[in-house]
Amino acid sequence: SLVTPFILSHYSGNKINSLASTLGKEGYHTSFFHGAANGSMGFDAFANQAGFDYYYGKNEFNNDEHYDGIWGIWDEEFFQYFNTQLGKIPQPFLSALFSVSSHHPFVLPKKYKNKFPKGNLKIHKNIGYTDYALKKFFIESKKSEWYQNTIFVFTADHASAESHLPKYKTSLGSFAVPIIIFDPQNSEVTDFEQNDVVQQSDIMPTILGLLGYDKPYIAFGNDALDNNADHFAINYVGDAYQLTMDGYMIQFDGERTMGLYDLKNDELLKENLVGALPEIQLRLERKLKAIIQEYNRRLIRDEMVVNPK
């Protein structure tokens, strides 16, 4: 999202490439799972636009006994359904699942009322429940023939408003989400530790890199395992773009740089260094302006895919 989220923009019908569309052309079975009512948040429509061939929602689950009454099917049961369906589809496959049980108003199945620690935030017990559901999923999926040949990626759609730690209440920290890549057979990923910034847009290039994919594609991120890439993260909040790169973050309103921060020494963004570090500021400004220009140019020309004509 740069100013306007893509799916709400005038260009939301543009052609795009994704992991689903890219790997689908390589013979992968592609599917998207979301335990909410079909049509919720437009997920089924966008999954189709992104190239997923099959969609599994509350309708396909077809058992309202496990409906939470608000968001969708409880994670425990839907994760098990996910595992069962993966065992039925042909390999290779790409499949995505969007969980629902860690959302407000943070209720749990009655049988788990006092099972998980309450912590100091309402969301904590629900994170415990989803973690438990995920554990059960892995216990079962490890029995499958596809498990050892699968790369697992975990991330969040957004940070939690429930956070109580100061560093997650800044304009940058409010975007912080986990990204976990787990490959049972590849220690390069399992043991990967690095201080470079990583963003959700890096997931696609990283996975394609791990798969050895060598054809052209469009992405606004980098392979997280490529030490030669310019690793950065970009987001938009209020009326400003934010670019994080090389240990610094700048805030840019479209015409001028409003903020520059040293993230290593000032994670709470208290000291604005605009004008104090001209070389760093100029490098980040140029990078950010190039991203904005290229993103908007491709939107306007409908060039978010290779050889769009």
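Refer to the structure presented above.
Residues numbered from 1 in each chain as written. Predicted model: local features only at pLDDT ≥ 70, side-chain atom pairs only at ≥ 80, totals over all residues. Heavy atoms only, no water.

A. Looking closely at unusual backbone geometry. Note the cis peptide between Gln 91 and Pro 92, where omega equals -5°. Its location among the elements puts Pro 92 in the loop between helix H4 (75-86) and strand E3 (93-98). Of note, the amide linkage connecting His 104 to Pro 105 takes the cis form, showing an omega dihedral of 15°. Looking at the secondary structure, you find Pro 105 in the loop between E3 and helix H5 (123-141). (Helix = DSSP H or I, 4+ residues; strand = E, 2+ residues; numbered from the N terminus.)

B. The arrangement of the pattern of salt bridges in detail. Tallying each qualifying case throughout the model produces twelve salt bridges. Here Arg 297 and Glu 294 are joined by a salt bridge, their closest N and O atoms 3.0 Å apart. In this pair, Arg 297 and Glu 294 both sit in helix H8 (residues 278-301), three residues apart, roughly one turn of the helix. A residue is classified by how much of its surface remains accessible, and Glu 294, at 27% relative accessible area, is partly exposed. (Salt bridge = Lys/Arg side-chain N within 4 Å of Asp/Glu carboxyl O. Buried < 20%, exposed > 50% of the residue type's maximum accessible area, 1.4 Å probe, protein only.)

C. Spatial organisation of the sheet that holds strand E1 (residues 29-34). Overall, parallel pairing links the three strands, which are arranged E2-E1-E3 in an open sheet. Two strands lie at the open edges of the sheet, namely strand E2 (54-56) and E3, each paired on one side alone. Within this sheet the neighbouring strands show an average axis-to-axis angle of 15°, counted without direction. On the sheet, H4 packs against E1, E2 and E3 and is oriented at approximately 170° with respect to E3. (Pairing = 2+ DSSP bridges. Axes fitted to C-alpha atoms, helices over the stretch in contact; angles between N-to-C directions. Contact = heavy atoms within 4.5 Å.)

Read these as spatial facts, not as claims about activity.
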